[in-house]
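Remarks on the overall topology
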Amino acid sequence: MAAQALPFLRWSRSASSLGARSSTAAAPLRLFSVLRRPPAAARCEAGSKVMLKGMDYSEVESWVKAQGYRPGQAMMLWKCLYGNNVWAHCHDELTGLNKDFRKMITEHADLKALTVKDILTASDGTRKILFSLEDGPVIETVIIPCARGRTTVCVSSQVGCAMNCQFCFTGRMGLRKHLSTAEIVEQAVFARRLFSDEFGAITNVVFMGMGEPFHNIDNVMKASAIMVDEQGLHFSPRKVTVSTSGLVPQIKRFLHESNCSLAVSLNATTDEVRNWIMPINRKYNLNLLLGTLREELCVRKNYRVLFEYVMLSGVNDSMDDAKRLIELVQGIPCKINLISFNPHSGSQFKPTPDEKILEFRNVLIQGGLIVFVRLSRGDDQMAACGQLGEPGDYQLPLLRVPEKFQVAL
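Conventions we followed
Residues numbered from 1 in each chain as written. Predicted model: local features only at pLDDT ≥ 70, side-chain atom pairs only at ≥ 80, totals over all residues. Heavy atoms only, no water. UniProt positions renumbered as here; feature names shortened; annotations may be inferred. Core = buried A, V, L, I, M, F, W, Y, C linked by side-chain atoms within 4.5 Å. Buried < 20%, exposed > 50% of the residue type's maximum accessible area, 1.4 Å probe, protein only. Contact = heavy atoms within 4.5 Å. Helix = DSSP H or I, 4+ residues; strand = E, 2+ residues; numbered from the N terminus. Salt bridge = Lys/Arg side-chain N within 4 Å of Asp/Glu carboxyl O. Phe/Tyr/Trp six-rings, centres within 6.5 Å; stacked < 30°, edge-to-face > 60°. 1 Å grid on protein atoms, 1.4 Å probe; cavity = no way out; pocket = protein on both sides within 12 Å on 5 of 7 lines; lining within 4 Å. Points joined across faces, edges and corners; volume = space filled by probe spheres on them. Nonpolar A, V, L, I, M, F, W, Y, C, P; charged D, E, K, R; others polar.

Named according to an unreviewed UniProt entry, the protein is Radical SAM core domain-containing protein originating from Urochloa decumbens. Turning to the protein, the UniProt annotation filed under Subcellular location (unreviewed entry) states: "Cytoplasm". Quoted verbatim from the Cofactor (unreviewed entry) field of UniProt, the annotation for the protein is "[4Fe-4S] cluster".

**Observations regarding the nonpolar core**
The biggest cluster of nonpolar side chains holds 118 residues, and the ones touching the most others in it are Leu77, Ile105 and Phe307. Filtering out sequence-adjacent residues up to four positions away, Ile105 remains in contact with Leu52, Trp63, Leu77, His91, Leu94, Leu97 and Leu111.

**Points about unusual backbone geometry**
Positioned with a positive phi, Trp87 is a non-glycine residue whose angle comes to about 50 degrees. Its place among the elements puts Trp87 in the loop between α3 (71-82) and α4 (99-108). The buried category is assigned to Trp87, whose relative accessible area is 11%. A positive phi angle is found at His234, which is not glycine, with a value near 55 degrees. Among the structural elements, His234 can be located in the loop between α6 (217-228) and β13 (240-244).

**Section: the pattern of salt bridges**
Counted under the stated rule, the structure contains 14 salt bridges. Two residues, Lys356 and Asp317, come together in a salt bridge whose shortest N-O distance is 3.7 Å. Here the residue Lys356 occupies a position in helix α11 (residues 354-366), and Asp317 occupies one in the loop between β15 (305-311) and α10 (319-328), the gap between them amounting to 39 residues. What makes Lys356 partly exposed here is its relative accessible area of 29%. What emerges from the salt-bridge pattern is a single network uniting Asp218, Arg253 and Glu257.

**Here's the deal with the packing of aromatic side chains**
Under the defined criterion, the tally for this structure stands at ten aromatic pairs. Judged by centre distance (5.5 Å) and plane angle (40 degrees), the rings of Trp276 and Phe349 are tilted. Of this pair, Trp276 sits in helix α8 (residues 271-277) while Phe349 sits in the loop between β16 (334-340) and α11, and the two are 73 residues apart along the sequence. Under the relative-accessibility criterion, Phe349 is labelled buried at 5%. For the ring pair Phe341 and Phe349, a centre distance of 6.1 Å and an interplane angle of 75 degrees mean the geometry is edge-to-face.

**Examining empty space enclosed by the protein**
Tallied over the full model, the rule gives one cavity of 30 Å³ or more. The calculated volume of the largest cavity comes to roughly 30 Å³. Lining the largest cavity are Gln166, Cys168, Arg172, His344, Gly346, Ser347, Gln348 and Leu398. Along the lines of polarity and charge, the residues of the lining of the largest cavity split into two nonpolar, five polar and one charged.

Next comes the structure, spelled out in structure tokens:
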């Protein structure tokens with residue numbers, strides 16, 4: 001039986017006086033309160049239109065048949081949405097469909113879930129797309145071209161985020177909204193539609209934008225399945241990576257139900273540090289998180305989890321941290337991705353110097369680990385790792401800095 005999804009969470013006002021204080025040491029159960037689960041993305045009230053990109057293929061086929069048309073026409077529609085280099089956004093782009101079928105779709109279905117508000121270009125060629133949602137909020141998606149012929153789209157799964165990771169700009173927003181399946185899928189569709197001619201094939205998808213993907217796991221799982229569908233967008237499952245801060249029940253479900261790749265944002269080698277910079281660790285600590293991965297991955301062949309490790313000067317970048325990291329991941333098939341911290345407004349952290357990152361990397365390599373160093377991309381347009389979003393006037397409080405790290409900050 002699949003693990004149950006974590007309840008939707010938000011920051012509780014009882015955790016702190018938000019207008020008067022900038023820090024709190026509140027216990028984890030006081031940080032969040034529960035929200036009701038919203039209805040499925042494609043579910044519509046009587047008489048309203050369905051959102052086609054909120055459906056997987058079996059649902060599209062069932063809907064087409066219910067309208068009195070053949071299953072083969074459902075596949076033609078599916079290819080208009082995702083295949084054949086069409087990526088239809090309006091009914092006039094539904095090429096190859098007969099007149100009556102297209103008229104029915106026009107009357108009963110919507111094709112487009114997002115509207116482009118702006119596209120920003122960084123000095124290194126990275127693009128940040130600002131999308132307006134139908135109900136008003138804005139999300140950000142990043143296109144990262146690479147000289148080696150690989151282009152990655154970094155998609156968001158929520159407006160804001162409830163996890164309150166202390167080094168992340170999105171985390172300052174709190175959770176504003178869970179994205180629907182259609183709103184997630186269409187970020188990848190727009191990436192191909194807008195940039196395939198300029199960059200070539202969009203080959204990779206990373207769920208590393210705004211939000212905690214596993215906090216919105218139902219829509220993320222469905223969206224990733226649509227992305228890898230062989231008759232549709234046809235991304236390789238190995239090239240679709242979903243990143244999590246460490247929600248253990250959802251990790252188990254993902255590993256049991258999905259063939260896509262998993263990344264875990266680790267960022268610390270002790271519970272003391274991780275409890276501070278990633279409050280979710282107070283619920284799922286390092287021992288539970290890593291023990292779960294060790295147990296789950298021992299039965300999977302040719303599968304490695306990617307551990308992401310943001311380097312914070314004086315906090316998690318000592319050579320003792322490197323040695324502890326080697327010990328922590330023993331028995332887990334993995335790769336390590338070292339990430340330079342990208343500063344943002346109100347940040348209390350500093351990036352680790354490049355030479356120290358390389359020294360840290362060398363210790364890990366000597367310990368037998370596979371290690372990469374991720375270069376910052378798009379930071380001059382706030383498009384780099386940890387820089388997405390716009391908190392505005394309402395921001396989650398920063399947590400109290402442990403006394404031993406106050407000098408470092």
